[in-house]
Amino acid sequence: MTLATLLLAAAQGAPVPTVKLATGVPLSNGETSHFIRTVTTNRLGGFAAVVMLSNFEEVVWGSFDTGAPTILLRESDLVPPGPGPGLREVALGADALTYSMNGATAAHPTCTSGFIERDGTLLQCVQASSIPPPGGQFVTIRQIQVPDFGGGFYEYDYYDAQSYFRRIIIREGASAPALHVGDSIGGSTGTVEHIDYVRLSPRGMGYGCTVTLDIGGGERALINGQVVQNQGVDVQRGMLIDPSGPPNGPTWFRLQTVASAASGDWWVVGADSPTAPSRRTLVGSGEVLIKQGDIVDGYRVTEVLLDFATTEDGGMVARVKIDDPSTQIGISYAIWYRHHLYLLPRDVVDFDGDGNPDPQWTLHPYSGNLTDEYDLDEDRILRAVANLDGPSFNRVLLELPLPKGESICPGEPNSNGTPSSVVAYGRQLVHSTDLRLAAEGLPPGVIGMWVNSRDAGFTPNPAGSEGNLCLGGAIGRHTGQIGAADLVGQLGLSVNLSALPQPSGLVAAQPGETWNFQLWHRDTTGQGVATSNFSPAIALLAR
């Protein structure tokens, strides 16, 4: 993407990746960051990153909401300086931080294998004898996930009394494991012989994994103790990846990452070839989303990775390995989302946070551009740990709002010959002011005005228009932002959910309300006669 295109996109609504934290720069308290390890988010617009300082102490840096980030936890709050147990995992709730350490501290000397705390309160003390069955040996706390106000799931690795490597899933406060070797599985026969590829659901709402059963053989995809079904068939090794496809279509050779959301959506990544175990397919709720060999935005997907991030309401991003099919060199990584790629190698970023791209700073080419540490929140804001090239090499925490929004009715073709489209970027929190809409595919230069309403409707060809009005009830007009589409056919709108224009004046959206937006613009008919047209309408839920 050229700098000129980036500037146009930023001006009209499509955001540029922004650096939230770089290495070698002072934090809010003046201490200098040295290395950024991981990042997690919550539903309130907050995030938490594990950062190593220049003195090699690790801290958790972030915020519980959209406010200014600060240090939320110091490693020195838990252990004295020097070698010893360190921070393992963090999970960010609405008002509390949950974290784990792999080893005992002065505060918890009996937790010889590690512990999990929430804001100083001990939740789990892990010892060899605490891993069922007795006599096992703890290895590590792998994952923790919590809802906004406590509770959640944890994943442990351990060796049992027979020295077999095992995994166990624990629900906070429960008297028995959520999933353990020997458990019976709903919807299938046999008991669990092995647990693999555990993926805790966002906000601690559940878990997904693959299991091997002792009876009936093979692997199953499991979500919250139930075997996943695709069109009435257990998702298992050897079944057709797409049951609606040809009977001799590709089958699952091995199931790997499994995840779910509170919305009912589910995802499975697995190998589809016995001879090429890294050749994988990603399926979402029964639909094949992406697989090795696909061409996306001009790049060839060479591998679908096993790490992906989901949200409670069904959002999902996946990391893929790509190359340029014209050269077949330059293998690197990108984030796949809704059939497009983001955070591509050599993408320009906004390094100084002023809202404009800085062409001297770009994502590193080849395989060093993206790490496997990234997360997606309910506002479809992606945060990722990445590496930049520029005046110096820099490891950074990036933030990028991704396009979103549910279209409530289609648009009619405009004088370009095709309908326009509308996407939203930013937060739908009622107190936020960074929500933007962008109409795309407009005839360049056409004048347009955005309109809104709480109610959806349908009025075909109002006042002789070529399009359809998709709003109903009281309709507000954003007369203060009437503008013209740019050279690539985009026209944006900055939305303040606390001051939406209505016929009665400015009103504030309330949490739980749905607001609909549509662009009304000038156009010409096929005969060159002046007329008007409408974009599709988009519905957004205020939070």
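Everything below is about the structure shown above.
Analysis parameters
Residues numbered from 1 in each chain as written. Predicted model: local features only at pLDDT ≥ 70, side-chain atom pairs only at ≥ 80, totals over all residues. Heavy atoms only, no water. Helix = DSSP H or I, 4+ residues; strand = E, 2+ residues; numbered from the N terminus. Buried < 20%, exposed > 50% of the residue type's maximum accessible area, 1.4 Å probe, protein only. Pairing = 2+ DSSP bridges. Axes fitted to C-alpha atoms, helices over the stretch in contact; angles between N-to-C directions. Disulfide = S-S within 2.5 Å. Phe/Tyr/Trp six-rings, centres within 6.5 Å; stacked < 30°, edge-to-face > 60°.

### Here we look at unusual backbone geometry
Then step 1. Even without being glycine, Asn224 reaches a positive phi, approximately 50°.
Then step 2. As for its placement among the helices and strands, Asn224 is situated in the loop between strand S15 (219–223) and strand S16 (226–227).
Then step 3. Asn224 sits in the partly exposed class, given a relative accessible area of 38%.
Then step 4. We note that Arg338 has phi near 50°; this positive angle belongs to a residue other than glycine.
Then step 5. Within the secondary structure, Arg338 is located in the loop between strand S26 (329–337) and strand S27 (340–342).
Then step 6. The partly exposed category is assigned to Arg338, whose relative accessible area is 41%.

### What about the sheet that holds strand S22 (residues 287–291)?
Then step 1. The strand order across the open sheet formed by four strands is S19-S20-S21-S22, and the pairing between neighbours is antiparallel. If you trace the sheet from one side to the other, it starts and ends with strand S19 (254–260) and S22, each paired once. Direction aside, neighbouring strands of the sheet carry axes that sit 20° apart on average.
Then step 2. Sheet analysis places strand S21 (residues 280–284) next to S22, joined by four bridges and oriented antiparallel. By the bridge assignment for S22, Val283 is matched with Val288.

### So, the state of the cysteines
Then step 1. By the definition in use, this model includes two disulfides.
Then step 2. Disulfide pairing is shown between Cys111 and Cys125; the S-S distance is 2.1 Å. Because the sign of the S-S torsion sets the handedness, a value of about -125° for the bond joining Cys111 and Cys125 places this disulfide among the left-handed ones. Of this pair, Cys111 sits in the loop between strand S7 (97–101) and strand S8 (115–118) while Cys125 is found in strand S9 (residues 121–125), placing the two residues 14 residues apart along the sequence.
Then step 3. A residue is classified by how much of its surface remains accessible, and Cys111, at 1% relative accessible area, is buried.
Then step 4. Looking at Cys125, the relative accessible area reads 25%, which means it is partly exposed.
Then step 5. By sequence-ordered numbering of the bonded cysteines, the protein chain has its disulfides arranged as 1-2, 3-4.

### Describing the packing of aromatic side chains
Any pair of aromatic rings gets described here by the distance separating the centres and the angle formed by the planes.
Then step 1. Within this structure, the stated rule accounts for seven aromatic pairs.
Then step 2. With a centroid separation of 5.7 Å and an interplanar angle of 5°, the aromatic rings of Trp520 and Phe534 are classed as stacked. Residue Trp520 is found in strand S44 (residues 514–524), and its partner Phe534 is found in strand S45 (residues 530–534); the two are separated by 14 residues along the sequence.
Then step 3. Classification of Trp520 by relative accessible area gives partly exposed; the value is 31%.

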